[in-house]
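# Notes for the structure review
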Amino acid sequence: MANSTDGLFAQNTSDNISQPEELRGIRENAYMTYTQGIIIAICGNFLISISLNIQKYTHVRLSQRGSSKPYYKSVLWWLGISLMGLGELGNFAAYGFAPASLIAPLGCVSVIASAIISVVFLKETLRASDLLGGALAIAGTYLLVTFAPHFAPHVTANMVERSLMSWEFLTYIFVEVIAFCILLYLYKCRKMKHIVIVMLLVALLASVTVISVKAVSGMITESVQGNHLQLTYPIFYVMFIVMVASCAFQIKFLNQAMKMFDATEVVPINYVFFTASAIVAGSLFYQEFFGLSPFNICLFVLGLVISFIGVFLIARTRPKIKTDSVFISMGQIPGARCTEKVQPETRSSSYGSLASKLICNRGTHTDDS
């Protein structure tokens, strides 16, 4: 009897010892995954900022040389496009490792990097507001990374299906559809071309894009890690179609905004709206803020506000590059009908690089195709 009691006691003791160790291992793995997502997102946004500046430098160099060679035949321009694709792939992968409410605000890394690169390599003027905005954006990013939700749920097909049928998401998507229809009516039928209306349309589409991107990326990550093959579920292909469609329409409205308004207006407003919509969508669909303390939530919001202010200070009224002849003809661009001279700039509209278009000086005023 004594031996059996001792054995039972020893078993309970070993269970009590192994349970904290197992829990510690789970937390370490989750923290490592979270850190990987942050690193991938930062590297992706940094590559995007390099890409945008390379593309713009290509336009400027061709213009200064007076070359009639189209920009799309330049090896340097294709290098920029390749880096853009690699950066966007990194942003896509980051959603599979870290919460969407953290990956979306990290777009400010691209804004900061673009401002630094444009000053160093494109010889743009460094302003006091750039230094202040950069410092605020870095401080806000630190608060975001420190106090954001550190544990994202494993995205599986069953989890996505349950979230799609939850009353929180159904209520959210119903309100979003109504708001989108009203804004679209004002924009298309009433011809109200206000920047807030256009950027709200982009933001509403962006929330759907974020949900679908994280679903697709998360299911691919689960499959690659060998936990469970997710690509056999129909919901994977449904979310993939939603991702492509919402991203395409988001790019369409963003391009229209860049044509009608100055890039210094579009960049900060888009960053604020896009980030806010991504956080709301992530918190409702993926329950990313569940269990997070009010203190962490308050500091996370503070980090957002500081980052918003920093991006606004960096993006506002960017100075033009000092060159003797920095104009290219629209006749060099295939399919363009306008023959007037415009300021050369990069108009990349890939998902994930929306906030990094601050290097554009002014929007190209052309008719919508």
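Residues numbered from 1 in each chain as written. Predicted model: local features only at pLDDT ≥ 70, side-chain atom pairs only at ≥ 80, totals over all residues. Heavy atoms only, no water.

A few words on the overall build of the chain. If you tally the helices and strands in the chain, you get eleven helices and two strands. When the helices and strands of the chain are listed from N to C terminus, the series reads α-α-α-α-α-α-α-α-α-α-α-β-β. A total of 369 residues make up the chain; the buried ones form 48% of that total. At a minimum sequence separation of 6, the contacts of the chain that also span at least 24 residues come to 81%. Accessible surface, the chain as shown: approximately 18000 Å² in total, 69% of it carbon and sulfur. (Helix = DSSP H or I, 4+ residues; strand = E, 2+ residues; numbered from the N terminus. Buried < 20%, exposed > 50% of the residue type's maximum accessible area, 1.4 Å probe, protein only. Contact = heavy atoms within 4.5 Å. Areas by Shrake-Rupley, 256 points an atom, 1.4 Å probe, with all protein chains shown as cover.)

Here the focus is the environment of Tyr286. Counting through the fold element by element, Tyr286 comes out in the loop between helix H10 (263-285) and helix H11 (294-315). Each C-alpha atom of the pair Tyr286 and His154 lies 9.6 Å from the other, and the pair is 132 residues apart in sequence.

Before going further, it helps to spend a moment on the side chain of Ser74. Along the chain, Ser74 falls in the loop between helix H1 (2-65) and helix H2 (75-94). Among the polar contacts listed, one links the side chain of Ser74 to the backbone nitrogen of Leu76, at a separation of 3.3 Å. (Polar contact = N/O pair within 3.5 Å; in protein donor to acceptor, adjacent residues only side chain to side chain.)

On to the nonpolar core. Grouped together as the largest cluster of nonpolar side chains are 54 residues, with contacts concentrated most on Tyr95, Val160, Met219, Met239 and Phe300. Counting residues in each nonpolar core, the second largest holds 17 residues, with Ile197, Phe253, Ala257 and Phe261 among its members. (Core = buried A, V, L, I, M, F, W, Y, C linked by side-chain atoms within 4.5 Å.)

Moving on, we come to a positive patch on the surface. A cluster of basic residues, Lys188, Lys191, Lys193 and Lys252, forms a positive patch on the protein surface. Within the secondary structure, Lys252 sits in helix H9 (residues 234-260). The class of Lys252 is partly exposed, set by a relative accessible area of 35%. (Patch = residues over 30% accessible without salt bridge, like charges linked within 9 Å, V, L, I, M, F, W, Y side chains within 5 Å. Salt bridge = Lys/Arg side-chain N within 4 Å of Asp/Glu carboxyl O. Lys, Arg positive; Asp, Glu negative; His and termini not counted. Charge placed at Lys NZ, Arg CZ, Asp CG, Glu CD.)

Turning to the pattern of salt bridges, a few remarks are in order. This model, assessed by the stated rule, comprises one salt bridge. A salt bridge links Arg127 to Asp130, with the shortest nitrogen-to-oxygen separation between them at 2.7 Å. Note on Asp130: relative accessible area 7%, which makes it buried.

Below, the discussion takes up unusual backbone geometry. If you check the backbone angles, Lys191 has positive phi at about 55° while not being a glycine. With respect to the helices, strands and loops of the structure, Lys191 is situated in the loop between helix H7 (167-189) and helix H8 (195-224).

A few words on the packing of aromatic side chains. Tallied over the entire structure, the rule returns nine aromatic pairs. Between Phe169 and Phe285, the ring centres sit 5.0 Å apart and the planes meet at 80°, which makes this aromatic pair edge-to-face. One end of the pair, Phe169, is in helix H7; the other, Phe285, is in helix H10, with 116 residues separating them in the sequence. Accessibility classification places Phe169 together with Phe285 in one group, the buried group. Between Phe285 and Tyr286, the ring centres sit 4.7 Å apart and the planes meet at 70°, which makes this aromatic pair edge-to-face. Ring pairs connect the aromatic residues Phe169, Phe285 and Tyr286, which therefore count as one cluster. Looking at Lys214, its charged tip hangs above the ring of Tyr286, at a distance of 5.7 Å from the centre. (Phe/Tyr/Trp six-rings, centres within 6.5 Å; stacked < 30°, edge-to-face > 60°. Lys NZ or Arg CZ within 6 Å of the ring centre and 35° of its normal.)

The next subject is the environment of Met219. Take Met219: it is sitting in helix H8. If sequence neighbours within four positions are ignored, Met219 has contacts with Val155, Thr156, Ala157, Val160, Gln230, Ile235, Phe236 and Met239.

A separate point is the side chain of Ser212. Tracing the backbone through its elements, the reader meets Ser212 in helix H8. A polar atom in the side chain of Ser212 sits 3.0 Å from the backbone oxygen of Val208. Leaving out residues up to four positions away in the same chain, Ser212 has contacts with Met239, Val242, Met243 and Ser246.

With 20 residues, H2 should cover 28 Å at 1.5 Å per step; its first-to-last C-alpha distance of 29 Å lies within 8% of that length. Among all positions of H2, only Trp77, Gly80, Leu83, Met84, Gly87, Glu88, Gly90, Asn91 and Ala94 are buried. Projected down its long axis, H2 shows its buried positions confined to an angular sector of 155°, all on one face. Seen from the buried face of H2, the exposed residues on the opposite side, beyond 90 degrees, are Val75 and Leu89. Sitting at the amino-terminal end of H2 is Ser74, which places a side-chain oxygen 3.3 Å from the backbone nitrogen of Leu76. (Expected span 1.5 Å × (residues − 1). Arc of directions from axis to C-beta.)

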